Amino acid sequence: MILTIETRSGRELISGGVNIAEKATVNDLKQAISQANPKYYPSRQRLTLPPQTGQKSGSPLVDGKLLSEYSLSEGSKVVFKDLGTQVGWTTVFFWEYFGPLAVYPLFYFLPGLLYPGLKQAHAKHQVQFWALLYWEFHYAKRIVETFFVHRYSKGSMPIANLYRNCTYYWVFAAFVSYFINHPLYTPPPVQRSAVALTLAMVCQLCNLRSHLILRNLRPEGSKEYVIPKGFAFNYITCANYTFEIYGWIFFGVATQTVAAFLFIAAGSFPMSQWALGKHKRLRKMFDGKDGRAKYPTRWIVFPPLL
């Protein structure tokens with residue numbers, strides 16, 4: 001059958017349409033479009049049905065599904081959207097985490113270069129060294145998880161995300177490190193910092209365990225939603241975010257800088273929004289009706305507040 005591929009403005013993307021088998025999948029259609037116009041490789045495409053009256057956008061065509069499931073037949077129209085240049089998730093995550101790993105220690109090891117206004121050297125505080133170890137462990141852990149733990153439902157994202165995410169992480173790394181490693185930095189009591197960073201490290205290890213639980217919730221390649229359970233997931237929907245947020249709060253207590261708490265606030269807000277969205281989605285999907293499981297009562301992300 002021949003399908004007409006149009007842009008959202010109504011322009012025909014491929015003259016004469018695309019000839020595709022009736023039993024083809026959405027992936028097959030994307031591949032056919034890519035063969036007709038190599039610029040639009042599959043991960044760059046978003047395909048939808050034409051919008052119905054009153055709709056701004058039609059129903060999306062989901063990868064893996066048969067075209068027949070959308071009642072597409074000879075002469076049907078499919079709406080195409082160019083998602084722009086794409087880059088792999090692992091590439092984005094590696095570079096956004098590598099930046100803080102490399103930038104933060106520069107202020108610790110090169111004070112003479114990065115604090116030029118100071119005329120004499122100052123001894124390093126124990127808290128500054130502990131903070132360095134914690135920071136480096138955290139981002140090294142994130143890189144390892146990127147390659148060996150996390151599974152991604154999508155293979156790529158717009159390249160603009162790479163620039164945005166790297167700017168956020170790299171700039172905040174410099175901002176936080178500048179103040180914590182400043183030669184005139186005054187640390188809180190050592191005992192408080194030791195306890196807080198110990199608790200922060202416990203949170204990081206719990207975060208790792210949470211990520212391993214999420215990895216093993218479903219078989220590789222499966223996109224089926226399941227109710228997270230085990231460990232802290234029995235009580236909190238997004239326990240991985242919980243430990244991430246509390247770990248950085250303890251880091252802020254240990255280092256006692258405004259820069260650290262601004263970093264915590266900037267990171268906690270989007271994580272809380274993602275957690276709220278996931279919690280609502282799971283409660284809607286697992287409503288206890290028609291044989292579906294009932295989603296249990298849980299904290300969302302930030303007990304005892306949320």
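Bear in mind that the values here come from a model prediction, so they are computed numbers and not experimental data. (Residues numbered from 1 in each chain as written. Predicted model: local features only at pLDDT ≥ 70, side-chain atom pairs only at ≥ 80, totals over all residues. Heavy atoms only, no water.)

Undergrad: Before we go on, may I ask you to explain unusual backbone geometry in this structure?
TA: Across residues other than glycine, the phi torsion is negative in most instances, and most of the peptide bonds are trans. The step from Pro303 to Pro304 runs through a cis peptide bond, and the omega angle for that step is 5°. Mapped onto the fold, Pro304 is located in the segment after helix H8 (258–285). Phi is positive for Ser71, which is not a glycine, with a value near 60°. By secondary structure assignment, the location of Ser71 is in the loop between strand S3 (45–48) and strand S4 (77–82). Here the phi dihedral of Asp290 falls at roughly 50°; this positive angle occurs in a residue that is not glycine. When you line up the elements, Asp290 lands in the segment after H8. (Helix = DSSP H or I, 4+ residues; strand = E, 2+ residues; numbered from the N terminus.)

Undergrad: Any chance you could explain the pairing of S4 here in plain terms?
TA: For a regular strand, the rule is simple: side chains alternate between the two faces of the sheet. Across four bridges, the pairing between strand S1 (residues 2–7) and S4 is parallel. When the sheet's bridge partners are listed, Glu6 is paired in S4 with Val79. The pairing of S3 with S4 spans four bridges and is antiparallel. Residue pairing across strands places Gln45 opposite Asp82, the latter belonging to S4. (Pairing = 2+ DSSP bridges.)

Undergrad: Looking at this structure, how should I read the packing of helix H4 (residues 126–148) against helix H7 (residues 239–255)?
TA: If you want to describe how two helices pack, look at the angle between their axes and the distance between the axes. Two numbers describe how H4 lies on H7: the axes approach to 10 Å, and their chain directions differ by 160°. The angle between H4 and H7 places the two elements in the roughly antiparallel class. Remark: the crossing between H4 and H7 carries left-handed chirality. Contact residues: H4 offers Val127, Ala131, Tyr134, Trp135, His138, Tyr139 and Arg142, while H7 offers Glu244, Gly247, Trp248, Phe251, Ala254 and Thr255. Class assignment for the residues of the contact of H4 with H7 results in eight nonpolar, three polar and two charged. (Axes fitted to C-alpha atoms, helices over the stretch in contact; angles between N-to-C directions. Parallel < 35°, antiparallel > 145°, perpendicular 65-115°, else oblique. Left-handed = near helix turned anticlockwise from the far one by under 90°. Contact = heavy atoms within 4.5 Å. Nonpolar A, V, L, I, M, F, W, Y, C, P; charged D, E, K, R; others polar.)

Undergrad: Explain the nonpolar core to me, please; I cannot follow it from the model alone.
TA: Judged by nonpolar contacts, the single largest core of 28 residues is most densely connected at Tyr104, Trp135, Tyr139, Val176, Trp248, Phe251 and Phe263. Those elements that place two or more of their residues in this core are helix H2 (89–109), H4, helix H5 (159–180), helix H6 (190–215), H7 and H8. Once residues within four sequence positions are removed from consideration, Trp135 is found in contact with Pro100, Leu101, Tyr104, Ala173, Val176, Trp248, Phe251 and Phe263. By size, the runner-up hydrophobic cluster in this structure holds 21 residues, among which are Leu3, Val26, Ile33 and Leu72. (Core = buried A, V, L, I, M, F, W, Y, C linked by side-chain atoms within 4.5 Å. Buried < 20%, exposed > 50% of the residue type's maximum accessible area, 1.4 Å probe, protein only.)

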